[in-house]
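These are the residues of each chain, in order.
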Amino acid sequence: MTPILDAIHSPADVKRLSLAELNQLAEEIRGELITVLARTGGHLGPNLGVVELTIAMHYVFDTPTDHFLFDVSHQAYVHKLLTGRRDRFSTIRTPGGLNGFMLRTESEHDCYGAGHAGTALSAALGMAVARDRLGGKEHVVALAGDAAFTCGITQEALNNIAAQTKRMIIVLNDNKWSIDKNVGAIATYFNKIVTSPQYHRLYERAAKLVEKVGGKSAAQAARKAEEAAKSMLWPSIIFEELGLKYYGPADGHDIPSLIRTFQFLKTLDRPVLLHVITQKGRGFEPAEEKQKKFHGLGPYNPETGETKPLAQRTYSEVFADSLAKLATNDKRIVAITAAMPNGTALDRFRAVHPDKYYDVGIAEEHAVLFAAGMATKGFVPFCAIYSTFLQRGFDPIVHDVCLQNLPVVFCMDRGSLSGDDGPTHHGLFDISFLRGIPNIIHMNPKDEDELADMLYTALQHNGPSAVRYPRGVGPGTAVKDQPVAIPIGQAELLEHTGNDRVAIFSLGSMLPMAREIADSLASEGVPAAVINARFAKPIDTEMIGQFARSAEILVTLEDHVLAGGFGSAVLEELNRQGLSTPVVRIGWPDQFIEHGKPEDLRKKYGVTAEAALTQLRQQLGIPVLG
Ligand SMILES: Cc1ncc(C[n+]2csc(CCOP(=O)(O)OP(=O)(O)O)c2C)c(N)n1
């Protein structure tokens, strides 16, 4: 039963509620989050932590006139529930349903989309400065988690804010957690403030000043708010030095106190930062106990929080275990993560080699440079960064790693569709952005065992390399005891007849699709070779040339955008060799792909065996069956 939530159709409905009703709304929202996400999966912990905070923000400010930016925006579900999307909330992260992040196209209340960390403060500053130039009065509020303050961009924004605007509100949502425990000096600093006995004395005094909301004139309320907020003032050297007025730390679960504080902050004519303490996973015992697991997860039991264990190791786990094994006998190996020990499975590596493991915070650009520095001293750093997040590291990959030909290995997890997360998280661009850089090699394993071989290959290679593997489980191939090094740039010929009319070059996990195409063609009397291309750079120019001369058509399969991808590399090579053999290229089109089930999206965008066969039949002059 959610009578109060049922009556919320826009933020205006929130403003009509009494304090008791606001508190009840918080409880109803918690229930809704726990029940819906049990089915759809999603970012449960972060959202349970910001229920009161989001309610208070919507009580005081007026979106869409005022602007809320949520960093990463994985914690914007409550905002979605309060801004007219309650009736569709059960569709969140499901095909055709609400996106799991803010989307400008989804609602006028989503003024800024995100999915990557560290963008909120810079974008909010841009909006505030644009408002100032246009003479607007609206408020710009950026909410960012404590881990977002480990991002370089957040710190670049902090350096710039006071010089650019007099009106902007930053809410630092401090729950001590990134996905794993937040790390680094900033996390220690926040913790120091929060655990200080002085803070506790101040907070108790402030709490006494808080009264019931409602029934007072606006002026009275504002005065009370000012008193309450000022009594919570705690001088914070870092933020004050950066020209921001610092308030807090405040209890992020105390709705009346938050309302009064925001009412006061609204009146200020200088940029402010409100430090709010929240509990990730609040109100759902399993999530309060296991913050890491409940940061973001698939479906779970809404009573117990239990999830179904996977029957086999994921690619991430095979990567981490294989690397741990290699590191046992090789002193040069170190592993680096940018705040993703869980997602990349490097927590398994950490358990075996805690002394060879580095979590640098949500700082991919720094991670790459840090790796480059270590590589100059004889180490071989394995940087495990999702394909989508490595986009952040592009310049140091070019300028520091590749230009100096340093042996850094980029282990690009989620090199494929992210599925439910959607366009901010799909890893579909890394071949394009890496292929043009001299010195780097780009490998794509067909299965778990080949992933282990590629890690070993990278270790032997005296220069930069990248290995790309998809989300989730692979075909379940056993990993042999001793990995072998693969000759750089050599493809693997898997099936051929000697008189193949078609040659299918498959990259990485597309191999089952290649076999399906070859089987269909064989049943239609067309012999086809199947090649595991393995390298997107350097490609196997010899094998490509050979088949381009002997076969009628080449096919390239890649779980990547077509523009600048593996198929493009094959076309360039044919051109270089003066060959004009037609190439059917299967991959993702030149557009952003929405969230959804990978199989559905493949069908929709023609990344299927069927789509390849349709083109092949046309070109080979085979009548379409059925
Ligand atoms: C550039 C980038 N790197 C990594 C991630 C993965 N990621 C998503 S949320 C998150 C932790 C965010 O922690 P915090 O900002 O404190 O917010 P909380 O979840 O604790 O509310 C990380 C590392 C990301 N979204 N973007």
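Asker: Describe in detail helix 13 (residues 255-265), supporting the description with residues and values.
Answerer: Counting buried positions over the 11 residues of helix 13 gives 10, a clear majority of the element. Looking at helix 13, one finds that the buried residues are Ile 255, Pro 256, Ser 257, Leu 258, Ile 259, Arg 260, Thr 261, Phe 262, Phe 264 and Leu 265.

Asker: Outline the site of the ligand, listing residues and values.
Answerer: By nearness alone, 23 residues border the ligand, and His 74, Ala 117, Asn 175, Trp 177 and Glu 364 come closest of all. Ala 147 is positioned such that a nitrogen or oxygen atom in its backbone is 2.9 Å from an oxygen atom of the ligand. With the chains in place, 98% of the 580 Å² that the ligand exposes on its own is no longer accessible. Tallied by class, the residues present in the shell around the ligand amount to 11 nonpolar, 8 polar and 4 charged.

Asker: Can you explain the pattern of salt bridges? Please cite residues and give values.
Answerer: What the rule picks out here adds up to 35 salt bridges. Taking the shortest distance from any N to any O, the salt bridge between Asp 421 and Arg 93 comes out at 2.8 Å. One end of the pair, Asp 421, is in the loop between strand 9 (409-412) and helix 20 (430-435); the other, Arg 93, is in the loop between helix 6 (77-82) and helix 7 (120-134), with 328 residues separating them in the sequence. Take Arg 93: its relative accessible area is 6%, and that puts it in the buried class. The salt bridge involving Glu 610 is made with Arg 617; its shortest N-O contact spans 3.5 Å. The class of Glu 610 is partly exposed, set by a relative accessible area of 47%. Residue Arg 617 is classed as buried on the basis of its relative accessible area of 10%. One salt-bridge network, held together by shared partners, links Lys 80, Arg 85, Glu 106 and Asp 110.

Here is what the cut-offs are and how they apply
Residues numbered from 1 in each chain as written. Predicted model: local features only at pLDDT ≥ 70, side-chain atom pairs only at ≥ 80, totals over all residues. Heavy atoms only, no water. Buried < 20%, exposed > 50% of the residue type's maximum accessible area, 1.4 Å probe, protein only. Helix = DSSP H or I, 4+ residues; strand = E, 2+ residues; numbered from the N terminus. Near = heavy atom within 4 Å. Polar contact = N/O pair within 3.5 Å; in protein donor to acceptor, adjacent residues only side chain to side chain. Areas by Shrake-Rupley, 256 points an atom, 1.4 Å probe, with all protein chains shown as cover. Nonpolar A, V, L, I, M, F, W, Y, C, P; charged D, E, K, R; others polar. Salt bridge = Lys/Arg side-chain N within 4 Å of Asp/Glu carboxyl O.

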